[in-house]
Amino acid sequence: MEIGVHGRWSRRLGADVSTAIGRCLAEPPAGIIADLYDLGDPDAASMPLWQAARRAASAVRPTVQFALCLPTTTALNREIRRTDVVPHLFMFATLAEARAAVTHRLAPTPRLQADLPPHLTSAGLARDLVTRAGADWNVSEPLLMRARLVMSELVVNAVEHAGTRIRVTLSHRATGLHLWVNDGTSGLPGLRSAQSLSGPELLTRRGTGLGVVHAGADSWGAMPTRSGKIVWAVIRPRSGD
């Protein structure tokens, strides 16, 4: 995951960045790159935040790779190199270098991916991909049932509201499944009324919008990308499965 920081450093900007990093670490990606090329910080006032972020990323299991991308001539770069007490706060001069270095350090994660057309039949194809993942990764059937429902709803929402080609991705981390659905529109989804249905009822009734995702996933969210957006969900084992 990449975070771009823009503008002059201030307490408010620091709070926004801290919140964004916290959200990333709540359902951690394998790596985070903070792009600071458009950050104005002539006094290196943001340094404590990057040190704290690195500590937080190191405390997650499995550890999240954390890197900064910033010019070598900035006061922040010099100050971090001079006083940094946090091990492995990696800094790179370009995004390309940061991406290559972080990717090189990542442990391989089982992943399946498919590009699908903007048609309702794609929901069935996405469910089939989840079923294949369950067989390949030895995932329990109760967890797979929820994952198929959630994936189906994410794809249907993308078809109905975006109408663009869709990329679906599944990965297996620890005991859970991570689902991503990319589409080509920037509008982020919101959770509407679930028509007073409870969680179990939602999970047996398609067409209730993101209520199915909210009931079936342990966490979910959306984020913009350069070409559209990603809606993601994490499915973990539950005691009632």
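Described below are features of the structure shown in this document. Just so we're clear, the structure is a prediction, and the values are computed from it rather than from any experiment. Throughout this document, residue positions are counted from 1 along each chain, in the order its sequence is written. Local features in a predicted model are, by the rule used here, given only for residues with pLDDT of at least 70; side-chain atom pairs are given and counted only at 80 or more, and totals for whole chains, interfaces and linings are based on all residues. Side-chain measures here rest on the full set of heavy atoms in the structure, leaving out hydrogens and waters.

**With respect to the overall build of the chain**
Scanning the chain from N- to C-terminus turns up eight helices and nine strands. Only protein chains enter the accessibility calculation, which uses a 1.4 Å probe; a residue whose area is less than 20% of its type maximum is buried, one above 50% is exposed, and one in between is partly exposed. In the chain, which comprises 241 residues, the share counted as buried stands at 46%. With residues, only the protein chains shown are counted as cover, and all accessible areas are computed by Shrake-Rupley using a 1.4 Å probe. Summed over all atoms, the accessible surface of the chain reaches about 12,500 Å², with 53% contributed by carbon and sulfur. Helix and strand assignments come from DSSP, with helices taken as H or I runs of at least 4 residues and strands as E runs of at least 2, each series counted from the N terminus.

**Side note on the sheet that holds strand β8 (residues 219-224)**
A pair of strands is labelled paired if DSSP reports no fewer than 2 bridges between them. Reading across the sheet, the five strands line up as β5-β6-β7-β9-β8 and stay open at both edges, with antiparallel pairing between neighbours. Both outer strands of the open sheet, β5 (111-116) and β8, are each paired with one neighbouring strand and no more. Along the sheet, successive strands turn relative to each other by an average axial angle of 15 degrees, direction set aside. Residue contacts follow a heavy-atom distance rule, with two residues in contact if any of their heavy atoms lie within 4.5 Å. To define axes, lines are fitted to C-alpha atoms, for helices over the stretch in contact only, and angles between the resulting N-to-C directions are given on a 0 to 180 degree scale. Together, β5, β6 (166-173) and β7 (176-183) form the strand contacts of helix α5 (residues 121-137), whose direction differs from that of β5 by roughly 165 degrees.

**Things to note about the pairing of strand β9 (residues 229-235)**
Burial of β9 is extensive: seven of the seven residues sit out of reach of the surface. Judged by which residues are buried, β9 turns out to be covered on both faces: Lys229, Val231, Ala233 and Ile235 on one side and Ile230, Trp232 and Val234 on the other are all buried. Direction of pairing for β8 relative to β9: antiparallel, over a ladder of six bridges. Its bridge partner being in β9, Pro224 is matched across the sheet by Lys229. From the end of β8 to the start of β9, which pair antiparallel, there are four residues.

**Let's talk about the side chain of Ser152**
Within the secondary structure, Ser152 is located in helix α6 (residues 141-161). Judged by its relative accessible area of 3%, Ser152 falls in the buried class.

**Considerations on the sheet that holds strand β4 (residues 90-92)**
Spatial ordering of the open sheet is given by β1-β2-β3-β4, a layout of four strands whose pairing is parallel. One side of each edge strand has no neighbouring strand; the edge strands of this open sheet are β1 (2-8) and β4. The mean angle between the axes of side-by-side strands here comes to 25 degrees, regardless of whether they run parallel or antiparallel. Across five bridges, the pairing between strand β2 (residues 31-40) and strand β3 (residues 65-69) is parallel. What sits directly across from Asp35, in β3, is Cys69. In this fold helix α1 (residues 11-26) packs onto β1, β2 and β3, with an angle of close to 175 degrees to the strand it touches most, β1. Of the strands in this sheet, β1, β2, β3 and β4 touch helix α4 (residues 95-105), which is tilted by about 165 degrees from β2.

**Quick word on the nonpolar core**
Counting 31 residues, the largest nonpolar core has Met151, Leu154, Val155, Val168, Leu170, Leu177 and Val181 as its most contacted members. Counting only elements with at least two residues in this core, the list comes to β5, α5, α6, β6, β7, α8 (210-216) and β9. Of the residues forming this core, the biggest block, 10 residues, is contributed by α6. When neighbours within four sequence positions are excluded, Leu154 is seen to be in contact with Val181, Leu210, Val213, Val231 and Ala233. Here, nonpolar core means buried Ala, Val, Leu, Ile, Met, Phe, Trp, Tyr and Cys residues that are tied together by side-chain atoms lying within 4.5 Å of each other. Core analysis: the second largest hydrophobic core is formed by 27 residues, Trp9, Leu49, Leu68 and Met91 among them.

**So, α5**
To estimate how far a helix should extend, the number of its residues minus one is multiplied by 1.5 Å. If you check α5, its first and last C-alpha atoms are 25 Å apart, about what 17 residues at 1.5 Å a residue would give, namely 24 Å. Every buried residue belonging to α5 is among Ser122, Ala123, Gly124, Ala126, Leu129, Val130, Ala133, Gly134 and Trp137, and all of these are buried. Buried residues in α5 make contact with β5, α6, β6 and β7. Downstream of α5 by a residue or two, Asn138 has a phi angle that is positive, lying close to 60 degrees.

It is worth stressing that arrangement in space is one thing and function is another; only the former is reported here.
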